[in-house]
Amino acid sequence: MSAGPTSPPDWARRRWHRLYEYIALWFGLGLLGTLTLTWSLLSVPLYYVLPRWWAVPLGRWAITTVFRSYLGVLALVGAFRFDLTALDALRDQGPLVIAPNHPGLLDALLVISRLPNVACIMKAALVDNIFLGAGARLAGYIRNDAQLSMIRQAVADLKNGSHLLIFPEGTRTTRWPINPCKGSIALIASRARVPIQTVLIETDSAYLGKGWPLFRRPNMPITYRVRLGRRFEPPGKAGVFSGELERYFMAELGHASCLRPPGAAPTVAPDTEPANHGT
């Protein structure tokens, strides 16, 4: 009697899966570099030829399309699982300051891939980057190296009906679940008189978090889930609001049911009022 088919041993499956993870890592980075560099090269002549009232919507639509396509490919090859549909509820709403937590480098891509009219506050080094710079300037994204100018531009964009994407932490999270929040988000929302919509980004991997080398292989698939948090009215005092916002994020992201990177222990801020998700 012939033996039936046998499955490969565990060590062989692990080896093949590790090889797949390396291939997916390099493929993903190469694809992102190719897409962003191609659009950056196309953006250079458009930036100088098109009037701003035409260039900015085109630039933002193109970046949304590029990022959405890129994330779709990552999901198609099985490297990532994305649940981003909660962001779609914001697409046709009026001007908002969109304030997510910032666990990794993909966070801005997640938000922009679903919202085509976002003004993004970016580090100056990224605006000067060969892969992202020309496209960012065409889309009217805002540099963060001069605070007064940054605030003025952000307020102007909001008054023109845009969404504004700004990470309250100012950088990727190093103190899980969130770093201390900066006061600039409160100043912008207060001056523009628009609400602040919090966005909660959850992931089960530390991939591309602060200190993660770009070419280090993660365990795949990686899951990202985005949900809408509380919407705050324009704050009165920046310092007081920063503390309130930080406590809110800690309470929402610190509870046991959240996805969290390996090694991150549950953390709940003391004396925090129950979360309010009303919009």
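Our subject is the structure that appears above.
Everything numeric here is computed off the predicted structure, so don't read it as measured data.

Draft legend 1. Up close: the overall build of the protein. When helices and strands are tallied, the protein shows eight helices and seven strands. In the protein, which comprises 279 residues, the proportion classed as buried is 48%. Look at the contacts in the protein between residues 6 or more apart in sequence, and 77% of them connect residues 24 or more apart. When the accessible surface of the protein is summed, it comes to about 14,100 Å², and 60% of that surface belongs to carbon and sulfur atoms.

Draft legend 2. Quick look at the sheet that holds strand β4 (residues 142-143). Across the sheet, seven strands lie side by side as β1-β7-β6-β2-β5-β3-β4; this open sheet has mixed pairing. The outermost strands of the open sheet, each flanked by one partner alone, are β1 (80-83) and β4. Pairing analysis gives four bridges linking strand β2 (residues 97-100) to strand β6 (residues 196-203), with the strands arranged parallel. What sits directly across from Val-97, in β6, is Ile-196.

Draft legend 3. Up close: the packing of aromatic side chains. For the structure shown, the criterion picks out eleven aromatic pairs. Where Trp-26 meets Phe-215, the ring centres are 4.9 Å apart and the plane angle is 15°; that geometry is what we call stacked. You can see Trp-26 sitting in helix α1 (residues 10-49) and its partner Phe-215 sitting in the loop between β6 and β7 (222-232), a full 189 residues away along the chain. Owing to a relative accessible area of 47%, Phe-215 belongs among the partly exposed residues under this scheme. Taking the centre distance of 6.0 Å and the plane angle of 20° together, the rings of Phe-82 and Tyr-224 count as stacked. A residue pair is termed long-range when its members are at least 10 positions apart, and Phe-82 in strand β1 and Tyr-224 in strand β7 qualify at 142 residues. For Tyr-224, a relative accessible area of 1% corresponds to the buried category. By way of ring pairs, the aromatic residues Phe-80, Phe-82, Tyr-207, Trp-212 and Tyr-224 are connected into one cluster. A cation over an aromatic ring shows up here: Arg-216 above the ring of Trp-212, its NZ or CZ 3.9 Å from the ring centre. Positioned above the aromatic ring of Tyr-22, the side-chain terminus of Arg-217 is 5.2 Å from the ring centre.

Draft legend 4. Expanded view of unusual backbone geometry. Of note, the bond from Trp-176 into Pro-177 is cis; its omega dihedral lies within 30 degrees of zero at 10°. Within the secondary structure, Pro-177 sits in the loop between β5 (163-165) and α7 (184-192). Here Met-220 and Pro-221 are connected by a cis peptide whose omega angle stands at 0°. Mapped onto the fold, Pro-221 is located in the loop between β6 and β7. Phi at Arg-193 takes a positive value of approximately 60°, unusual for a residue other than glycine. Looking at the element boundaries, Arg-193 is found in the loop between α7 and β6. Here Leu-208, not a glycine, exhibits a phi torsion of approximately 60°, which is positive. By the element assignment, Leu-208 lies in the loop between β6 and β7.

Draft legend 5. Just the nonpolar core, in detail. Counting 48 residues, the largest nonpolar core has Phe-80, Ile-98, Ile-112, Tyr-141, Leu-165 and Tyr-207 as its most contacted members. For this core, the secondary structure elements donating two or more residues are α1, α2 (52-76), α3 (107-112), β3 (118-122), α5 (133-138), β6 and β7. If you tally residues by element for this core, the top one is α2, at eight residues. Those residues within four positions of Leu-165 in sequence are excluded, and the remaining contacts are Ile-98, Pro-100, Ala-108, Val-111, Ile-112, Val-118, Ala-119, Cys-120 and Ile-121. In terms of nonpolar packing, the next biggest core, distinct from the first, is built from 29 residues, Ile-142, Leu-164, Ile-178 and Met-250 among them.

The rules behind each value
- Residues numbered from 1 in each chain as written.
- Predicted model: local features only at pLDDT ≥ 70, side-chain atom pairs only at ≥ 80, totals over all residues.
- Heavy atoms only, no water.
- Helix = DSSP H or I, 4+ residues; strand = E, 2+ residues; numbered from the N terminus.
- Buried < 20%, exposed > 50% of the residue type's maximum accessible area, 1.4 Å probe, protein only.
- Contact = heavy atoms within 4.5 Å.
- Areas by Shrake-Rupley, 256 points an atom, 1.4 Å probe, with all protein chains shown as cover.
- Pairing = 2+ DSSP bridges.
- Phe/Tyr/Trp six-rings, centres within 6.5 Å; stacked < 30°, edge-to-face > 60°.
- Lys NZ or Arg CZ within 6 Å of the ring centre and 35° of its normal.
- Core = buried A, V, L, I, M, F, W, Y, C linked by side-chain atoms within 4.5 Å.

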